[in-house]
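# Report on the structure
Next come the chains, spelled out residue by residue.
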Amino acid sequence: MDRGRVRTEKVIKKEEKTKEDFDHTRTTLLDWNLFSTFKITMELSLGHPALKAFMCGSLSGTCSTLLFQPLDLVKTRLQTLHSNMQPGSARVGMVTVFLSVVRTEKLIGLWKGVSPSFVRTIPGVGIYFSTYYSLKQHYFLEQGPGAMESVLLGAGARTVAGVCMLPVTVLKTRFESGRYNYVSVAGALRSVCQTEGPRALFSGLTATILRDAPFSGLYVMFYSQGKNTLPQEISTSPYAALANFSCGILAGVLASLVTQPADVVKTHVQVSPHLYRRTADAVRYIYNEQGFQGFFRGGVPRSLRRTMIAAMAWTVYEQMMAHMGLKS
């Protein structure tokens, strides 16, 4: 009897262990299936070409913004400084403003406004490149765009990104001007909404579009046409990135010169929205106070910054897209 009872207990324990192993295996399979489903979903979502373009654009814009933020600050200070100068005052140049900022605010002061710049750049450049990529794939899948089509592509993508990120652009401009004692982006946003209303966040919309859309359109046109003139040997050589960067610099200089007046008007409207009811009021004020040359104040630092940022952003973007197997 004892021997039979022992045998029965062994059989029961073996059945229980088998059941435990089965339950464990079933749980493991269910967990693996859930993990596999999640992984496949993430790969499909991250694998969307437009999202890849967004990620590549955001990364390229972040790197270039961090490097060239001082030029943007000097440009803004130049444009707002000259609007407060008395007639006959000595002219203040880019180097003078640069040294003044370093002397009064130390070296770190050159990166004042970099926080709103990042808040604007990371999604803004991503939106620009993903919109540009989507439009190009939709309308020019079989053959590349021509000169005028490149202008429309660049201008359309920049308009979408510019309108979406305009509130952050207003905050960035005010940070850099030195006229406002903002501590953080959130504090600046709260201050503007409480004292001036949400409408102030969209001040300078017309001037911003008139500046950004033509700049981007002309840049894409000059850049694409410049690349098309490169010999095939260079385009496929290890020096292709350097050649593309050179084309980007040339395109940036030309596009910056054309759109500089709109940038000056935009800065005045966004820094002092209470002085100008319309964009035309700012245009009239600049011309009456500073003459025609007033529309080109800050042109050197802006041209340097916009040219270098655009050239670097496009070069990094195209290299990353090529690495992902996508045609930019």
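Everything discussed here concerns the structure shown above.
Here goes a summary of the coordinates provided. What you are looking at is a predicted structure, and each value in this text was computed from that prediction instead of being measured. In this convention, every chain numbers its residues from 1, walking through the sequence in written order. Only residues with pLDDT of 70 or above have their local features reported here, since the model is predicted, and side-chain atom pairs are shown and tallied only from 80 upward, although totals for entire chains, interfaces and linings are computed over all residues. Water and hydrogen atoms play no part in the side-chain values, which are based on all heavy atoms of the structure.

## Description of the overall build of the protein
Strands are runs of DSSP state E lasting at least two residues, helices are runs of H or I lasting at least four, and both sets are numbered from the N terminus onward. The number of helices and strands found in the protein is twelve helices and zero strands. Across the protein, helices and strands are ordered from the amino to the carboxyl terminus as α-α-α-α-α-α-α-α-α-α-α-α. Only protein chains enter the accessibility calculation, which uses a 1.4 Å probe; a residue is then buried when its area is under 20% of its type maximum, exposed when over 50%, and partly exposed in between. In the protein, buried positions account for 43% of the 328 residues. By definition, residues are in contact when any of their heavy atoms lie within 4.5 Å. Of all intrachain contacts in the protein linking residues separated by at least 6 positions in sequence, the fraction that spans at least 24 positions is 79%. Accessible surface is estimated by sampling points in the Shrake-Rupley manner with a 1.4 Å probe; for residues, cover comes only from the protein chains shown. Of the roughly 18300 Å² of accessible surface on the protein, 65% is carried by carbon and sulfur atoms.

## Quick look at the environment of Ile286
Tracing the sequence through the fold places Ile286 in helix α11 (residues 279-290). On the basis of relative accessibility, which here comes to 0%, the residue Ile286 falls in the buried class. Separated by 21 residues in the primary sequence, Ile286 and Val265 have C-alpha atoms spaced 7.8 Å apart. Leaving out residues up to four positions away in the same chain, Ile286 has contacts with Val264, Val265, His268, Gly291, Gly294 and Phe295.

## What to know about empty space enclosed by the protein
Think of a 1 Å grid over the protein atoms and nothing else: a 1.4 Å probe that fits but is trapped marks a cavity, an open set flanked by protein within 12 Å on at least five of seven lines marks a pocket, and residues with an atom within 4 Å of a point count as lining. Grid points are joined across faces, edges and corners, and a volume is the space filled by probe spheres set on the points. The tally for this structure, following the rule as stated, stands at two cavities of 30 Å³ or more. A volume near 530 Å³ is recorded for the largest cavity. Arg120, Val125, Arg158, Arg306 and Ile309 are, among the 31 residues lining the largest cavity, the residues nearest its centre. Contributing elements (two or more residues each) for the lining of the largest cavity: α2 (49-82), α4 (114-139), α5 (147-164), α6 (166-177), α8 (205-228), α10 (240-271) and α12 (299-323). When residues are sorted by character, Ala, Val, Leu, Ile, Met, Phe, Trp, Tyr, Cys and Pro go into the nonpolar class, Asp, Glu, Lys and Arg into the charged class, and all the rest, Gly among them, into the polar class. In terms of residue class, the lining of the largest cavity is made up of eleven nonpolar, eight polar and twelve charged. Considering only enclosed or pocket space, the second largest cavity measures out at about 40 Å³ in volume. If you go around the second largest cavity, the residues you meet are Arg158, Thr159, Gly162, Val163, Leu205, Thr208, Ile209, Asp212 and Ala213. Going through the elements one at a time, α5 and α8 are the ones with two or more residues in the lining of the second largest cavity. Ranked by the residues each element gives to the lining of the second largest cavity, the list is headed by α8, at five residues. Residues that form the lining of the second largest cavity fall into these classes: four nonpolar, three polar and two charged.

## Considering a nonpolar patch on the surface
Patch membership requires more than 30% relative accessible area and the absence of a salt bridge. Residues of like charge join within 9 Å; the nonpolar side chains Val, Leu, Ile, Met, Phe, Trp and Tyr join within 5 Å. Within this document, salt bridges are pairs made up of a side-chain nitrogen of Lys or Arg and a carboxyl oxygen of Asp or Glu, the two lying within 4 Å of each other. Judged by side-chain polarity, Val95, Phe98 and Leu99 come together as a nonpolar surface patch covering roughly 270 Å² of accessible area. Structurally, Val95 is set in helix α3 (residues 94-105). Exposure remark for Val95: the relative accessible area of 55% places this residue in the exposed category.

## What to know about the packing of α10 against α12
α12 packs onto α10 with a crossing angle of 140 degrees between their chain directions and a minimal axis gap of 7 Å. On the basis of their axis angle, the class for α10 and α12 is oblique. Considering how the two elements wind past one another, α10 and α12 form a crossing that is right-handed. For the pair α10 and α12, the contacting residues are Ala241, Asn244, Phe245, Gly248, Ile249, Gly252, Val253, Ser256, Thr259, Gln260 and Asp263 in the first and Gly299, Arg302, Ser303, Arg306, Thr307, Met308, Ala311, Met312, Thr315, Glu318 and Gln319 in the second. Residues that form the contact of α10 with α12 fall into these classes: seven nonpolar, eleven polar and four charged. Axis definition: a line fit to C-alpha positions, over the contact stretch in the case of helices; interaxial angles, taken between N-to-C directions, run 0 to 180 degrees. Each angle gets one of four labels, with under 35 degrees taken as roughly parallel, over 145 as roughly antiparallel, 65 to 115 as roughly perpendicular, and the rest as oblique. Each crossing gets its handedness from the near helix: less than a right angle anticlockwise from the far helix is left-handed, clockwise is right-handed.

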